Amino acid sequence: EYINKKLLVMGKRCILSNGTDSIGVFENNLDYISSIIVISKSGETPMVLNKVKTAKEHGINVIAFTNERENSISKLADVSFKIDDANKLDDRNLMPNTFFPKVLVLVELLIYEYYKRKNTFFWGENLYTDNKTLIIMKNVNDFWRSNKWR
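Fair warning: this is a prediction, and the values are worked out from it, not measured in the lab.

Each helix and strand in the protein chain was counted, giving six helices and four strands. Tracing the protein chain from N to C terminus, the helices and strands come up as α-α-β-α-β-α-β-α-β-α. When each of the 150 residues of the protein chain is scored for burial, the buried share is 37%. When contacts within the protein chain are restricted to residue pairs at least 6 apart in sequence, long-range pairs at least 24 apart make up 56% of them. Carbon and sulfur atoms form 53% of the exposed surface of the protein chain, whose accessible area is close to 9400 Å².

See the structure below:
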């Protein structure tokens, strides 16, 4: 919800859809969607994976935030941000983790870069990527100080 509101404030039209929404929320708007942003800690969440597959079938760009392990969603995504997960074996999200806060920090960094570069920012082209994958280091400050993403 935070990312949705952030994009709306930036003047970007967007639809917020989560795992509990009807698939119709997504499928009935495919003609109006150019890109989707998905967040899945495991990268294997069935409802998210199904939306990614549908998006790819309709030529929609997929931007994914997942954990750093190989996963189905990041393999299908056009741009995959792989976030370090301190509790890799906690597939039920029972333990405290920093995955979701790191996603929000990365989104803020990307928005900062967007405003810094204005009309020259393109997903995946101006960021340091290795096979369209950006790995967020365990210490976000190390990432921020590194020149790899600039």
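Moving on: the packing of helix α1 (residues 2-9) against helix α5 (residues 99-117). Contact geometry for α1 and α5: axes closest at 11 Å, N-to-C directions at 10°. Here α5 runs roughly parallel to α1, going by the angle between their axes. When α1 is examined against α5, the residues Tyr-2, Ile-3 and Lys-6 are found in contact with a partner set consisting of Val-103, Leu-104, Val-107, Glu-108 and Ile-111. Residue classes in the contact of α1 with α5 are distributed as six nonpolar, no polar and two charged.

Right, let's get into the pattern of salt bridges. Scanning the entire structure with this criterion turns up five salt bridges. The partner of Glu-1 in a salt bridge is Lys-5, with the nearest N and O atoms 3.3 Å apart. With a closest N to O distance of 3.3 Å, Asp-84 and Lys-102 form a salt bridge. Here Lys-102 lies in helix α5 and Asp-84 lies in the loop between β3 (79-83) and α5, a separation of 18 residues in the sequence.

What follows concerns the nonpolar core. Counting residues in each nonpolar core, the largest one holds 14 residues, and the members touching the most others are Ile-36, Val-38, Val-62 and Ile-73. Contributions of two or more residues to this core are made by β1 (35-40), α3 (46-57) and β2 (61-67). When residues of this core are assigned to their parent elements, the largest contribution, four residues, is made by α3. With residues near it in sequence (within four places) discarded, Ile-73 still touches Val-38, Ser-40, Gly-43, Glu-44, Thr-45, Val-48, Leu-49, Val-52, Ala-64 and Thr-66. In this structure, Met-10, Ile-63, Ile-83 and Leu-106 belong to the second largest nonpolar core, which totals 13 residues.

So, on to a nonpolar patch on the surface. On the surface, Ile-37, Ile-39 and Phe-100 cluster together into a nonpolar patch covering about 220 Å² of accessible area. Note that Ile-39 resides in strand β1. Taking the relative accessible area as the measure of exposure, Ile-39 reaches 35% and is therefore partly exposed.

What follows covers the side chain of Asn-97. The residue Asn-97 is located in the loop between β3 and α5 in this model. Given the relative accessible area of 19%, Asn-97 is considered buried. Ignoring anything within four residues of it in the chain, the contact list for Asn-97 reads Lys-41, Asp-85 and Asn-87.

Cut-offs and rules
Residues numbered from 1 in each chain as written. Predicted model: local features only at pLDDT ≥ 70, side-chain atom pairs only at ≥ 80, totals over all residues. Heavy atoms only, no water. Helix = DSSP H or I, 4+ residues; strand = E, 2+ residues; numbered from the N terminus. Buried < 20%, exposed > 50% of the residue type's maximum accessible area, 1.4 Å probe, protein only. Contact = heavy atoms within 4.5 Å. Areas by Shrake-Rupley, 256 points an atom, 1.4 Å probe, with all protein chains shown as cover. Axes fitted to C-alpha atoms, helices over the stretch in contact; angles between N-to-C directions. Parallel < 35°, antiparallel > 145°, perpendicular 65-115°, else oblique. Nonpolar A, V, L, I, M, F, W, Y, C, P; charged D, E, K, R; others polar. Salt bridge = Lys/Arg side-chain N within 4 Å of Asp/Glu carboxyl O. Core = buried A, V, L, I, M, F, W, Y, C linked by side-chain atoms within 4.5 Å. Patch = residues over 30% accessible without salt bridge, like charges linked within 9 Å, V, L, I, M, F, W, Y side chains within 5 Å.

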